[in-house]
Amino acid sequence: MIGVMSYLVFFATTASILAIAVLGLNLQWGNTGLFNGGVVAFFGAGAYGTLILGGTSQEGHLGGFGVIYPLALLGGMAAAGLMAWIVGLLTLRLRHDYLAIATFGVAVAFENLMRNAEWLAGGAKGVRGFERPLRAALGDGFLYNILFFLVVLAILIATYLFLERLVASPFGRLLRAIREDEEAAQSLGKSPAKVRLTAFVTGSVILGLAGGLYGTFYAFVSPQDVLPTLTFQIWAMLIVGGAGNNRGAIFGAFLIWGAWTASGWALSRFAPIEAQLYTGSVQFVLIGSVIVGMLMWRPEGLLPERLVVSQRGSTPSNKQGE
Amino acid sequence: MSITKYLWVAIGLAVSATALPGTAEAQDCTTKIGAVLPTSVDWGRPIAETAQFAVDQVNAAGGAAGCQIEMVLRDTQVDPKVGVDAAKALVDLEGVKLLLGAVSSGVSMPILTSVTVPGDVVQMSCCSSSTAFTKLSEDGKTNGLWFRTFATTGVQSAVAAKVAADKGYKTVAVMYKNDDWGQDMARLIAADFAAVGVEVTASVAVNDGQPSYRAEVTEALASQPESLYLALYPAEGTAAVREWISLGGTQNMILANSLKSDEFRDNVGLQYLGATLGTDTASPRSESADAFRAAYVERFESEPNGPGLANSYDATMIALLAMEAAGKDASGSDIAAAIAKVTDPNGTPVSADTAGFSAAKDVLSGGGTVMYQGGTGNVRFDKNGDVSAPAVVWAFSEGGIEEVEYMSLNDVDAFITSLK
C-alpha cells in the first residue's frame, strides 16, 4: 500500500509540474492566441537556469554558483523570461502558423545549443550534481517526495489563482480582445504589440517555473529533456483539457499524463508475453488515437472556455454576454 | 466524451485486476525484476529480447533465490519523463529490487538520481556510456547501486588508436554521433590518437535523422585525411558512409562497435569495406562465450551482432546471479554487494547459460564465489560500477563479421596505461 501511495505521490508531482507548464501555455494560446511552438525552450531555460545557478561546481562547464534554492528557481524563471522577451521582440509580429514555426525553430536551436555547447551546460551529458533543497535534512525517501509534492501543489494553486485573477481583470479582457480582433483593440487605443509581448513573457516565465521544478525533481537535466516531444505533450494536454480554461489546462495535464503512464503500465501488465516487446509502439498508437478522437469529437476540450463578463452591469446587452 | 469514458473504464479494469494475482499463487513463488528499455525504438527491441532470453535461461535452471523470475518490461520511449515514471512504477507498484536499464544515459541518469538511489534498488544498465556516471559515483552519489556492462568508451577509443598506429595512418578525420556517447568518444579518441602520433584533421558531429549528411561529409573530406574514424549508429552511419565514398573519401575506415552490424555492411556494400576495421570489446577465449553465441543463434536464428546485445545479456545474468548470491528477500544494497561475489576473478568460472547458472548456484550455496564469463568477457566491475574488457579488432567479410586481432584484458589494460 505504501508502494501505491509512493507512486501516486510521484505521479502527481510530475503531473502537477506539467500542469503548471500547461497553465503557462494557456495564458499564451488560450487567452492571447499566441501559437507558441517552442514551449520546450522556455521550459528548458527554467530547468537549466535553476540547475546551473543552484548546483554544485562541475568541471568543464558553467555552474557551481550554489545559490540558495528559491533564488535559483527565480533565476531559472528569469532566464526563461529573458529569452521570451528577446524571442518575443523578434517574432511576435508574426501571426499564427508563422509564429509557431519561428518559435519551434527557437526550441530546436535551444536544444542544439545545449547539446553542443559543452562549456555552457555539459553538452549531451547534461547538468548533474544538483543537491535537492533540504535533502540533507529530510533524506530522500517517501517523506521528501510528499513534502516536495506539497510544495509543487502549492505553487500550482498559486499559479492558478494568479492566472484566474489575471484573466478576470481588465488586462485579461484586453488579452481576449486582442485574441479575437487585434485591429478592433487597436482602434480603441490599446497597444497590441506591447500586450502580446507581456503575455508571452508572463506565460514563458510560468513555463520556466515548471521547468525549474522539473529539473529540481530529477536533480538532472540533459538535452534529452528538451526534445520537441515535450512541446507536443504540453499542447496535447491543453487541447484535451480545454484551451482558454485554466481548470481545463490542469485537468488536461493530469488526464493526458495519466493516460500516458497508465497505458504503459497496463500494457506491461496485461499484454500477452509475446506482445510485450511491442507495447511501446502500441502505446504510441493509443495516445495518438485519444488525441485524434478529441480533436474530431470535442475540439473545444473537455472543459471548454467559459466566456465571462468581468464587469457586471445592469444593461440587458451586458447580460447577454453571460 | 465517450473516449474519456472508455479511458476510465480501462483504468478501472486495470486497477481491479491488480488485486487478483496475489490469490492465485500458493506453491511456487515469483520474484519480479524490472526492465526499462526503449522497446518502441528499432534497436531497443532486440536488447529487451536478449534480456528476456537470459531470464528464460535462469528460470530453466530453477530461477534465482528460490523463485522464478518475471521480468516486467516497460518502454522508455527514449523520453526521460516516461522512463523515470516507468521505473518508479516498477519500484513502487511491482516492488522490484533490481532494475535493468535504461539505454540512453539521459534516461538512466534521472532514474538513478530520483528513483533507484532513493529507493535502494540496484540499477544495471547494458548500454549507458556517459562518463557522467563515473563522476557521479566518484562523488559518492550512487550508493554503490549503479552498474553497467558497457565497457567504458576508453577501451574502444584506445584500441582504435592502436589500429590507426598499426596501420601507419598519419591523419584521421572523426565523425561522431552527436549525443553523450559520441561526444565522449570524440574527446577520448582525439586524446588517444594524439598519444600514438596520429593527427586528427577534423572532428565532425553528426545529428540523427537527417535526410543527407553531405555538409558533414564535405567538412571531414576537406581536411584530406588518410583515414576516417566513425562513432555512429547504423542508420546515420550508412547514410554518411555512402556519401563519403561517393564523394571519393578514403576506404581506410575505423569503426566503433555500434557499426558492427550486418545491416550496415549490406547497405553500404561489402566491396567498399575491404580496408575497414572495427573495434569492439570482446568475448573471452572461453567455452562460455561460445556457449552464449550458440545459444543465441539457436534462439534467435541470427548472430548476436546488434549493438548492446551481449551487454544486455550479461547485465541480466550478473544481476540475477547476484540476486541468487544475496538470497531470498534481499534488499537492493544486498544484491549490489553480492555482485562482487559473482564476478570474483579468483572464483570458480561459470559459463553464460542454464548449466552455468545451475553450477553457480551450487558454488554459491556452498559459500564460494564465482567468476561469471559472459558474452562481453570476464566482466569485472571497478568501484564505480564500470567495466573494462578484452578487445577485438574485426572486419567485414562475406559471411558476416570476422575477427582480425584479439587483445586480452591484460593487453588492453597495458596498452591503455602506455597511452597515459
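Rules used throughout
Residues numbered from 1 in each chain as written. Chains lettered and ligands numbered in written order. Predicted model: local features only at pLDDT ≥ 70, side-chain atom pairs only at ≥ 80, totals over all residues. Pairing = 2+ DSSP bridges. Helix = DSSP H or I, 4+ residues; strand = E, 2+ residues; numbered from the N terminus. Axes fitted to C-alpha atoms, helices over the stretch in contact; angles between N-to-C directions. Contact = placed C-beta atoms within 7 Å. Nonpolar A, V, L, I, M, F, W, Y, C, P; charged D, E, K, R; others polar. Core = buried A, V, L, I, M, F, W, Y, C linked by C-beta atoms within 7 Å. Buried ≥ 20, exposed ≤ 12 C-beta atoms within 10 Å, placed from the backbone. Domains from an automatic or database assignment. Right-handed = clockwise from strand over helix to strand, strands pointing away. pLDDT = per-residue confidence, 0-100. Parallel < 35°, antiparallel > 145°, perpendicular 65-115°, else oblique. Expected span 1.5 Å × (residues − 1).

(A) Up close: the sheet that holds strand E16 (residues 400–407) of chain B. All names here are of chain B. Reading across the sheet, the seven strands line up as E7-E6-E8-E9-E10-E15-E16 and stay open at both edges, with mixed pairing between neighbours. Every interior strand has two partners, whereas the edge strands, strand E7 (199–206) and E16, have only one. Strand-to-strand, the axes of this sheet are offset by a mean angle of 25 degrees, without reference to chain direction. Pairing between strand E9 (residues 253–255) and strand E10 (residues 277–281): two bridges, direction parallel. Looking at the pairing, Leu255 lines up with Gly278 of E10. Against the sheet, helix H7 (residues 153–167) contacts strand E6 (171–177), strand E8 (227–231), E9, E10, strand E15 (391–397) and E16, and its axis sits at roughly 150 degrees relative to E10.

(B) Layout of the interface of chain A and chain B. Taken together, the contact between chain A and chain B spans 46 residues of the former and 47 residues of the latter. Of all the secondary structure elements, the ones that give two or more residues to the side of chain A that touches chain B are helix H1 (2–31), helix H4 (96–116), helix H10 (192–218), helix H12 (246–270) and helix H13 (279–297) of chain A. Element by element, the count of residues in the side of chain A that touches chain B is highest for H12(A), at nine residues. Among the residues making up the side of chain A that touches chain B, the classes are represented as 20 nonpolar, 20 polar and six charged.

(C) Up close: the pairing of E7(B). Here E6(B) runs beside E7(B); their pairing, made up of seven bridges, is parallel. Looking at the pairing, Lys177(B) lines up with Val206(B) of E7(B).

(D) Layout of the nonpolar core. Among the nonpolar cores identified, the biggest contains 228 residues, and Leu18(A), Ala21(A), Val22(A), Ala210(A), Met175(B) and Ala322(B) are the most heavily contacted of them. The greatest single-element share of this core, amounting to 14 residues, is contributed by H1(A). When residues of this core are sorted by domain, at least three fall in each of domain 1 (29–150 + 282–389) and domain 2 (153–275 + 390–419) of chain B. Other than its neighbours up to four places away in sequence, Ala322(B) contacts Ile335(B), Ala338(B), Ile339(B) and Val342(B).

(E) Fine view of the sheet that holds strand E3 (residues 98–101) of chain B. All names here are of chain B. Taken in spatial order, the five strands of this open sheet run E2-E1-E3-E4-E5, and their pairing is parallel. On the outer flanks of this sheet lie strand E2 (68–75) and strand E5 (146–148), each paired with one strand and no other. On average, adjacent strands in this sheet sit at an angle of 25 degrees to one another, irrespective of strand direction. Against the sheet, helix H3 (residues 44–60) touches strand E1 (30–37), E2 and E3, its axis set at about 170 degrees to E2.

(F) Representation of the pairing of E6(B) in the model. Residues and elements named next belong to chain B. The buried fraction of E6 is high, at six of seven residues. Note on the crossover from E6 through helix H8 (residues 180–195) to E7: the handedness is right-handed. Bridge count for E6 against E8 is five bridges, and the pairing is parallel. Bridging from a neighbouring strand, Ala173 pairs with Leu228 of E8.

(G) Quick peek at the confidence of the model for chain B. Residues and elements named next belong to chain B. Per-residue confidence for chain B gives a mean pLDDT of 84, with 91% of residues at or over 70. Helix H2 (residues 21–24) is the least confidently modelled element of chain B, averaging 40 in pLDDT, while strand E4 (residues 122–125) averages 94, the highest of any element. In the predicted structure, residues 13–27 sits below a pLDDT of 50 and forms four contacts with residues beyond four places in sequence or in another chain. Interface confidence for the predicted complex, expressed as ipTM, amounts to 0.86; the pTM equals 0.82.

(H) Highlighting the packing of H1(A) against helix H11 (residues 228–241) of chain A. Residue and element names in this part refer to chain A. Packing of H1 against H11 leaves a shortest axis separation of 9 Å and a crossing angle of 70 degrees. Judged by the inter-axis angle, H1 sits roughly perpendicular to H11. Contact with H1, carried on its side by Leu18, Ala21, Val22, Leu25, Asn26, Trp29 and Gly30, involves Ile234, Met237, Leu238 and Gly241 of H11 and no other residues of that element. The residue makeup of the contact of H1 with H11, split by class, is eight nonpolar, three polar and no charged.

(I) Quick peek at helix H7 (residues 142–168) of chain A. Residues and elements named next belong to chain A. An ideal rise of 1.5 Å per residue puts 39 Å on 27 residues; H7 measures up with 39 Å between its terminal C-alpha atoms. For H7, the full list of buried residues reads Asn145, Phe148, Phe149, Val152, Leu156, Thr159, Leu163 and Val167. As for H7, its buried residues are in contact with H1, helix H8 (170–180), H10 and H12.

(J) Focus on the domain arrangement of chain B. Residue and element names in this part refer to chain B. The domain architecture assigned to chain B consists of domain 1 (29–150 + 282–389) and domain 2 (153–275 + 390–419). Using only C-alpha atoms to locate each centre, domain 1 and domain 2 end up separated by 28 Å. Looking at the side of domain 1 that touches domain 2 residue by residue, the class counts come to four nonpolar, 10 polar and one charged.

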